[in-house]
Amino acid sequence: MLAKRKMQLSELAEKVGITLANLSILKTGKAKAIRFSTLDAICKYLDCTPGDILEYREE
């Protein structure tokens, strides 16, 4: 999604209001959870739905 929008991770972190480190953890798939408010803010800024950016992985 970031590449599609020609946006850097640091710009998204600033616009959404979370740290670059936390956003990086989300991007790499290492996060165990995400707050709905954070997901909502990311989706609003990227103009997408959660299904566009989330993926289910069975562990």
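Residues numbered from 1 in each chain as written. Predicted model: local features only at pLDDT ≥ 70, side-chain atom pairs only at ≥ 80, totals over all residues. Heavy atoms only, no water.

So what about the overall build of the protein chain? Which residues, and what values?
Helix and strand counts for the protein chain stand at four helices and zero strands. Of the regular secondary structure in the protein chain, the N- to C-terminal order runs α-α-α-α. Its C-alpha atoms give the protein chain principal-axis dimensions of roughly 30 × 20 × 20 Å. Expressed as a percentage of the 59 residues in the protein chain, the buried residues total 24%. Counting contacts in the protein chain only where the partners sit at least 6 residues apart, residues at least 24 apart contribute 41% of the total. Carbon and sulfur atoms form 51% of the exposed surface of the protein chain, whose accessible area is close to 4,900 Å². (Helix = DSSP H or I, 4+ residues; strand = E, 2+ residues; numbered from the N terminus. Buried < 20%, exposed > 50% of the residue type's maximum accessible area, 1.4 Å probe, protein only. Contact = heavy atoms within 4.5 Å. Areas by Shrake-Rupley, 256 points an atom, 1.4 Å probe, with all protein chains shown as cover.)

Tell me about the confidence of the model for the protein chain, and please be specific about residues and values.
This prediction gives the protein chain a mean pLDDT of 91; 100% of its residues lie at or above 70. Mean pLDDT per element in the protein chain: helix α4 (residues 50-53) is the minimum at 92, and helix α3 (residues 36-46) is the maximum at 95. (pLDDT = per-residue confidence, 0-100.)

Report on the nonpolar core, specifying residues and quantitative values.
L2, M7, L12, V16, L23, I42 and L46 are the most contacted members of the largest nonpolar core, which has 13 residues in total. Only α1 (9-16) and α3 provide two or more residues apiece to this core. In this view, L23 contacts L9, L12, A13, I18 and I42; residues no more than four positions away in its chain are not counted. (Core = buried A, V, L, I, M, F, W, Y, C linked by side-chain atoms within 4.5 Å.)

Explain the pattern of salt bridges to me, and be specific about the residues and the numbers.
Scanning all chains against the criterion turns up one salt bridge. Measuring nitrogen to oxygen at the nearest pair gives 3.2 Å for the salt bridge that ties D40 to K44. A residue pair is termed a helical-turn pair when its members lie 3 or 4 positions apart in one helix, as D40 and K44 do in helix α3 at four residues. According to the relative accessible area criterion, K44 is exposed, its value standing at 62%. (Salt bridge = Lys/Arg side-chain N within 4 Å of Asp/Glu carboxyl O.)

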